[in-house]
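Okay, here's what each chain looks like letter by letter:
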2 protein chains.
Amino acid sequence: MVRGKIQIKKIENTTSRQVTFSKRRSGLLKKAHELSVLCDAQVAAIIFSQKGRLYDFASSDIQKTIKRYAEYKGEYFVAESHPTEQYVQGLKKEMVTMVEKIEMLEVHNQKLMGKSVAFCSLKELQEIATQIEKSLHIVRSRKAKLYEDEVEKLKAKERELKDERVRLSGRVGEEPSGMPSGSKEKEDVETDLSIGFPKSRS
Amino acid sequence: MVRGKIQIKKIENTTSRQVTFSKRRSGLLKKAHELSVLCDAQVAAIIFSQKGRLYDFASSDIQKTIKRYAEYKGEYFVAESHPTEQYVQGLKKEMVTMVEKIEMLEVHNQKLMGKSVAFCSLKELQEIATQIEKSLHIVRSRKAKLYEDEVEKLKAKERELKDERVRLSGRVGEEPSGMPSGSKEKEDVETDLSIGFPKSRS
DNA sequence: GAGGCTATCTATAAATC
DNA sequence: TGATTTATAGATAGCCT
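What counts as what
Residues numbered from 1 in each chain as written. Chains lettered and ligands numbered in written order. Predicted model: local features only at pLDDT ≥ 70, side-chain atom pairs only at ≥ 80, totals over all residues. Heavy atoms only, no water. UniProt positions renumbered as here; feature names shortened; annotations may be inferred. Helix = DSSP H or I, 4+ residues; strand = E, 2+ residues; numbered from the N terminus. Buried < 20%, exposed > 50% of the residue type's maximum accessible area, 1.4 Å probe, protein only. Contact = heavy atoms within 4.5 Å. Areas by Shrake-Rupley, 256 points an atom, 1.4 Å probe, with all protein chains shown as cover. Expected span 1.5 Å × (residues − 1). Polar contact = N/O pair within 3.5 Å; in protein donor to acceptor, adjacent residues only side chain to side chain. Lys, Arg positive; Asp, Glu negative; His and termini not counted. Salt bridge = Lys/Arg side-chain N within 4 Å of Asp/Glu carboxyl O. Core = buried A, V, L, I, M, F, W, Y, C linked by side-chain atoms within 4.5 Å. Phe/Tyr/Trp six-rings, centres within 6.5 Å; stacked < 30°, edge-to-face > 60°. Patch = residues over 30% accessible without salt bridge, like charges linked within 9 Å, V, L, I, M, F, W, Y side chains within 5 Å. Charge placed at Lys NZ, Arg CZ, Asp CG, Glu CD. Axes fitted to C-alpha atoms, helices over the stretch in contact; angles between N-to-C directions. Parallel < 35°, antiparallel > 145°, perpendicular 65-115°, else oblique. Left-handed = near helix turned anticlockwise from the far one by under 90°. Nonpolar A, V, L, I, M, F, W, Y, C, P; charged D, E, K, R; others polar.

- Listed in UniProt under the heading Subcellular location (unreviewed entry), the comment for chain A reads: "Nucleus".

In structure tokens, the structure reads:
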């Protein structure tokens, strides 16, 4: 017997709370089912007991219902734990662009390297050749410049070494008699030991 | 007054179906609420009307409830409709690889085109120059081949036209007096109208 | 926990406004 | 549409097994 209307607040007595849970739970699921059948509605109900047990009802595929719910709500809760479809679509689109770019670059590279030019038109070949010639020119110039610099550097070193030799010779009070090691340059001064008058051998 | 118990099957009368939907819907949501409060349970209910309108109740955050549901079920449906974090990580990794490849290709391209060689070593410059020379050789060969083919084709056409002319001349029983249209080749036979003896103008 | 009982409370079908 | 009414079907609190 029901003694007066009950208060809608947590039932403190554990036993009766569990009994009530069991009864009302099945009542709720039954009503959910009836509603879906009577009114041809899409209904889903999810119940977790205090202990964490799951009870549920779904008139159709619950996944569909949840998905529909998510879409209806403008979706955001799924995004919380999982990237949205939209986000991934964006990534994929970006990847397609990148793949295209890679292909483009590879084709370009191939052509610059003289590969797969078998299907190029004369006009295209001419363009490639022009580009390559230009590249070659630039690279050769750069190479020449580097060599030049190198030579310049060596000359500077030579000068430096000469100065050093002169300086050292002045300090020991005699004629220069040797070259700094490491130098392979030919000097215009006789430094070899010899018998006879200097310069007589030229 | 309720006349006898109702059958749990779709109510065909649209009006009474809508009325029943309205009443039972609110009844269901109310009961869902009562259950959650009385028994301290986590309850969520989702109802879509036939027209697609959404009605729902959730004792706590419905997102949490759905998430918990998904986890409880081992889920699957979340993965089905939404990419997993892992999947996205994979995509991103792939993208990083692609970005690196693009950079590599671009640098290579730049070098082949003689750009940004300012910081290359002599050795590297030499390698690039060698490559470019090789490329140039290939491209030029290809170009030469194309020209050759072109010339060959033109020659073949010339022969064909000559044959044709001879054949036609034989059929009309006179000396060749014209060339097939489209040919721009210079012939060694006088075909122009003229006064006087043929060949007298050369 | 699950099921049964029963007195009540609640939901609601149908009609009416 | 929606609100109210009313009679009744259905749900359930409390108690027991």
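### Focus on the overall build of chain A
Part 1: Within chain A one finds five helices and two strands.
Part 2: If you list the helices and strands of chain A from N to C, you get α-β-β-α-α-α-α.
Part 3: For chain A, buried positions account for 30% of its 202 residues.
Part 4: Residue pairs at least 24 apart in sequence account for 19% of intrachain contacts in chain A once pairs closer than 6 positions are excluded.
Part 5: Per element, the accessible surface of chain A, about 14100 Å² overall, is 54% carbon and sulfur.

### Topic: helix H1 (residues 14-39) of chain A
Part 1: The end-to-end C-alpha distance of H1(A) is 36 Å, a good match for the 38 Å that 26 residues give at a rise of 1.5 Å each.
Part 2: Burial in H1(A) covers these residues: Arg17(A), Phe21(A), Arg25(A), Leu28(A), Leu29(A), Ala32(A), Glu34(A), Leu35(A), Ser36(A), Leu38(A) and Cys39(A).
Part 3: In this fold, the buried residues of H1(A) make contact with strand E1 (42-48) and strand E2 (54-58) of chain A together with helix H1 (14-39) and strand E1 (42-48) of chain B.
Part 4: You can read the cap of H1(A) off the contacts: a side-chain oxygen lies 2.9 Å from the backbone nitrogen of Thr15(A), and it is on Asn13(A).

### Topic: unusual backbone geometry
Residues and elements named next belong to chain A.
Part 1: You will see that Asp 40, though not glycine, has its phi angle at about 55 degrees, which is positive.
Part 2: Inspection of the secondary structure puts Asp 40 in the loop between H1 and E1.
Part 3: The class for Asp 40 is partly exposed, based on a relative accessible area of 36%.

### Re the side chain of Lys143(A)
Part 1: If you trace the backbone, Lys143(A) turns up in helix H5 (residues 122-172).
Part 2: Of the buried charged residues, Lys143(A) lacks a salt bridge, with Glu133(B) as the closest side chain of opposite charge at 5.4 Å.
Part 3: Reaching out from Lys143(A), the side chain makes a polar contact with the side chain of Gln126(B) at a distance of 2.8 Å.
Part 4: Here Lys143(A) is in contact with Leu122(B), Leu125(B), Gln126(B) and Ala129(B), once residues within four sequence places are set aside.

### Re the pattern of salt bridges
Part 1: Per the stated rule, a full pass over the model turns up 20 salt bridges over all chains.
Part 2: The residue Asp40(A) makes a salt bridge to Lys10(B) at a minimum N-O spacing of 3.5 Å. Linking Asp40(A) in the loop between H1 and E1 with Lys10(B) in the segment before H1, this pair reaches from one chain into another.
Part 3: Here Glu164(B) ties to Arg167(B) by a salt bridge, and the two come within 3.1 Å at their closest N and O atoms. Note that Glu164(B) and Arg167(B) are positioned in helix H5 (residues 122-172) at a spacing of three residues, about one turn of the helix.

### Here we look at H5(A)
Part 1: Taking 1.5 Å of rise per residue, 51 residues should cover 75 Å, and H5(A) covers 74 Å from first to last C-alpha, within 8% of that figure.
Part 2: Listed in full, the buried residues belonging to H5(A) are Leu125(A), Ile128(A), Ala129(A), Gln131(A), Ile132(A), Ser135(A), Leu136(A), Val139(A), Lys143(A), Leu146(A), Arg165(A) and Ser169(A).
Part 3: For H5(A), the elements touching its buried residues are helix H4 (85-112) of chain A together with helix H4 (85-112) and H5 of chain B.
Part 4: Phi turns positive one or two residues past the end of H5(A), at Gly173(A), with a value near 70 degrees.

### Describing the nonpolar core
Part 1: Counting 28 residues, the largest nonpolar core has Val43(A), Ile47(A), Val43(B) and Ile47(B) as its most contacted members.
Part 2: In contact with Val43(B), other than residues within four places in its own chain, are Leu28(A), Ile46(A), Ile47(A), Ala32(B), Leu35(B), Ser36(B), Phe57(B), Ala58(B) and Ser59(B).

### Topic: the packing of aromatic side chains
Two numbers describe a pair of aromatic rings. These are the distance of the centres and the angle of the planes.
Part 1: Counted under the stated rule, the structure contains four aromatic pairs over all chains.
Part 2: Note on Phe48(A) and Tyr72(B): the rings are 5.9 Å apart at their centroids and 65 degrees apart in plane angle, and the pair reads as edge-to-face. You can see Phe48(A) sitting in strand E1 and its partner Tyr72(B) sitting in helix H2 (residues 62-72), one on each of two chains.
Part 3: For Tyr72(B), a relative accessible area of 43% puts it in the partly exposed group.

### A look at a positive patch on the surface
Part 1: A contiguous patch of positive charge, built from Lys5(A), Lys30(A), Lys31(A), Lys5(B), Lys30(B) and Lys31(B), is present on the exposed surface.
Part 2: Of all the secondary-structure elements, those providing two or more residues to the positive patch are H1 of chain A together with H1 of chain B.
Part 3: Within the secondary structure, Lys30(A) is located in helix H1.

### Let's talk about the packing of helix H2 (residues 62-72) of chain A against H2(B)
Part 1: Viewed as axis vectors pointing N to C, H2(A) and H2(B) meet at an angle of 150 degrees, and their least axial separation amounts to 12 Å. Taken together, the axes of H2(A) and H2(B) lie roughly antiparallel to each other. Judged by the twist between their axes, the crossing of H2(A) over H2(B) is left-handed. Residues Ile62(A), Ile66(A) and Tyr69(A) of H2(A) touch H2(B), and the partners they reach there are Ile62(B), Ile66(B) and Tyr69(B).
Part 2: Grouping the amino acids of the contact of H2(A) with H2(B) by side-chain chemistry returns six nonpolar, no polar and no charged.

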